[in-house]
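Remarks on the overall topology
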Amino acid sequence: MTVPVQTPNAASPPRFAVAVVGAGAAGLAAALALARDGVETALVGRHAPVADGRTVALLDGSVRFLTVLGAWPEIAPHANPLAELQIVDDTGSLFRPPPARFSASEIGLDAFGWNVESARLVETLRGQARTTPGLTLFEADSAGMRLEQGAAVLDLEDGRRLAAQLVVGADGGRSPLRAASGLRTREWSYPQAALTTLLAHERHHRDISTEFHTRNGPFTLVPLPGGHRSSLVWVTAERAAKRLSGLDDADLAGAVEHQARSMLGAMRIDGPRGLVPMRGLSVDRPVADRLALIGEAAHVFPPIGAQGLNLGLRDAAALRDAVFSAREANRDPGAPGSLAGFGRSRGVDARLRGAAVDLLNRSLLTDLLPVDALRGLGLLTLAALPPLRRLVMREGVQPRLGAPSLMR
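Residues numbered from 1 in each chain as written. Predicted model: local features only at pLDDT ≥ 70, side-chain atom pairs only at ≥ 80, totals over all residues. Heavy atoms only, no water.

It is worth spelling out the side chain of Arg-178 at this point. Counting through the fold element by element, Arg-178 comes out in helix α5 (residues 176–181). One buried charged side chain, Arg-178, makes no salt bridge at all; its nearest oppositely charged neighbour is Glu-187, positioned 5.3 Å away. For Arg-178, the side chain forms a polar contact with the main-chain oxygen of Gly-173, separated by 2.8 Å. What Arg-178 contacts, discounting residues up to four positions off in sequence, is Gly-172, Gly-173, Leu-183, Thr-185, Leu-281, Val-283, Leu-293, Glu-296 and Ala-297. (Helix = DSSP H or I, 4+ residues; strand = E, 2+ residues; numbered from the N terminus. Buried < 20%, exposed > 50% of the residue type's maximum accessible area, 1.4 Å probe, protein only. Lys, Arg positive; Asp, Glu negative; His and termini not counted. Salt bridge = Lys/Arg side-chain N within 4 Å of Asp/Glu carboxyl O. Polar contact = N/O pair within 3.5 Å; in protein donor to acceptor, adjacent residues only side chain to side chain. Contact = heavy atoms within 4.5 Å.)

Set out below in structure tokens:
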């Protein structure tokens, strides 16, 4: 792969059909999907290491997408199937339903998804990017975007420039591209934080992901390979999360074991820790002049329900479809008409998923009996009505309407 070399004052920057800004999972997947189809693509961003004890539960559609990109065979040995999901109401409510269990086999799948360490996913995609024909890497941050006739020009912090018909903003929740575009956003926060880490435990997890619904938020254990390791996402009050993150390994392991009701036996901290603020962000529409936003540049969710990155990967796959359609019709991929369908469909998907995550989290934070009763009734109804349960499970794994072609 050839990386263009130029002086800061070069008069004519290299030109691409698409420039993806952001070298996280969503940006990497978008760049790989486009280059795979012969679209001359630039990937802009520093490849910084990731180590915060976070994992991602890749749902079935995301696994299909990664398989097409050629990345899944390398990831699969390090991923654990999520064959069952167990929800335990631990709110202390008078309307606590019994534990509810959902099995992937009920909808004809071996697993709802596969849990893998985020660092492993990103490093695998970076390895793919370095060897993919038609994908040029600029391992420097963007310093800004400006519009010229028929193109957008990106200035890089190392002095280089490049031009593209379409710029894809995958530059994270604090996206400079989004801020400069003038797109309207809505932001909110919760009085919580999420502690993340990796655990070793005495008992086998049996490929079951367990989510305790507590009065301070979800406490989730997600299985990792080997049978005796899991990842933790412990959403709790912000002050409590900070206190927990400051404990030594032995005390934190004891606190986790107690919160998990010793379900998996004795615990041991087995990886780095992270402390994630609980916040949300949405945009009115994820497109502007020669700009399309994907991943956390377009929507930020709390780490609940495995929706955030899976939604970002759907953004990437849907963007590939939009660019591919424009190319087939000999249209400019950055023109408003080429991006209109992408903007509508991704906006709807993000709003629906965001509303579901927000509703679940806020319902746990209140002790109003009617809210507790409705949440408990919902779980009981799903347990009692198999057709409805299967419908909800299928929709949670992969939306039926508007699924990108590489995820079908």
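Next up on the list: unusual backbone geometry. If you check the backbone angles, Arg-261 has positive phi at about 60 degrees while not being a glycine. Considering the arrangement of structural elements, one finds Arg-261 in the loop between α7 (249–259) and β16 (267–269). By relative accessible area, Arg-261 is classed as partly exposed at 46%. For Ser-262, which is not glycine, the phi torsion reads 55 degrees and is therefore positive. Of note, Ser-262 is situated in the loop between α7 and β16. Since its relative accessible area comes to 30%, Ser-262 is described here as partly exposed.

Strand direction decides the pairing type here: strand β5 (residues 84–89) and strand β6 (residues 100–103), joined by four bridges, are antiparallel. Bridging across to β6, Glu-84 finds its partner in Ser-103. Here six bridges tie β5 to strand β13 (residues 208–214), and the two strands are oriented parallel to one another. Along β13, the bridge assignment pairs Asp-89 with His-213. (Pairing = 2+ DSSP bridges.)

This brings us to the packing of helix α1 (residues 25–36) against helix α8 (residues 308–328). The description of two packed helices rests on the angle between their axes and on the distance between the axes. Direction vectors running N to C along α1 and α8 enclose 25 degrees, while the axes themselves pass 9 Å from each other. If you check the angle between α1 and α8, you find them roughly parallel. Considering how the two elements wind past one another, α1 and α8 form a crossing that is right-handed. Every residue of α8 that contacts α1 at Ala-25, Ala-26, Ala-29, Ala-30, Ala-33, Leu-34 and Arg-36 is listed here: Leu-309, Gly-312, Leu-313, Ala-316, Arg-320 and Val-323. Per-class residue counts for the contact of α1 with α8 are 10 nonpolar, one polar and two charged. (Axes fitted to C-alpha atoms, helices over the stretch in contact; angles between N-to-C directions. Parallel < 35°, antiparallel > 145°, perpendicular 65-115°, else oblique. Left-handed = near helix turned anticlockwise from the far one by under 90°. Nonpolar A, V, L, I, M, F, W, Y, C, P; charged D, E, K, R; others polar.)

Spatially, three strands are ordered β3-β7-β4 in an open sheet, and the strand pairing comes out antiparallel. Looking along the sheet, the strands with just one partner apiece sit at the ends: β3 (55–59) and β4 (80–81). Both β4 and strand β7 (residues 113–117) contribute to a ladder of two bridges, which runs antiparallel. When the bridges of β7 are listed, Asn-80 appears paired with Asn-115.

The alternating pattern of strand β8 (residues 135–138) places Leu-135 and Leu-137 on one face and Thr-136 and Phe-138 on the opposite face, and all of these are buried. In the sheet, strand β2 (residues 41–44) pairs with β8 via four bridges, with the strands oriented parallel. Within β8, the residue paired with Thr-41 across the bridge is Leu-135.

The next thing to look at is the pattern of salt bridges. Tallied over the full model, the rule gives 30 salt bridges. Across the pair Arg-146 and Glu-148 runs a salt bridge, and its minimum N-O distance is 3.1 Å. The partly exposed category is assigned to Arg-146, whose relative accessible area is 32%. A salt bridge links Arg-184 to Asp-284, with the shortest nitrogen-to-oxygen separation between them at 3.3 Å. Separated by 100 residues along the polypeptide, Arg-184 in the loop between α5 and β12 (185–201) and Asp-284 in the loop between β17 (274–283) and β18 (287–288) bring together distant segments of the chain.

Our focus in this paragraph is the nonpolar core. Across soluble globular proteins, you tend to see nonpolar side chains buried next to one another. If you look at the biggest cluster of nonpolar residues, it comprises 49 residues, and the most contacted ones within it are Val-18, Leu-58, Phe-65 and Leu-121. No other element matches the 10 residues that α1 contributes to this core. If we ignore the near neighbours within four places in the chain, the residues touching Leu-121 are Ala-25, Val-56, Leu-58, Leu-66, Ile-75, Val-116 and Leu-309. Counting 22 residues, the second-largest nonpolar core is a separate cluster that includes Ala-42, Val-283, Ala-288 and Ala-297. (Core = buried A, V, L, I, M, F, W, Y, C linked by side-chain atoms within 4.5 Å.)

Further remarks concern the packing of helix α10 (residues 369–384) against helix α11 (residues 386–397). It is the contact of α10 with α11, at a shortest axis distance of 5 Å, that shows an interaxial angle of 110 degrees. Judged by the inter-axis angle, α10 sits roughly perpendicular to α11. For the pair formed by α10 and α11, the contact residues are Thr-381, Leu-382, Ala-383 and Ala-384 on the first element and Pro-386, Leu-388, Arg-389 and Val-392 on the second. Its residues placed into classes, the contact of α10 with α11 shows six nonpolar, one polar and one charged.

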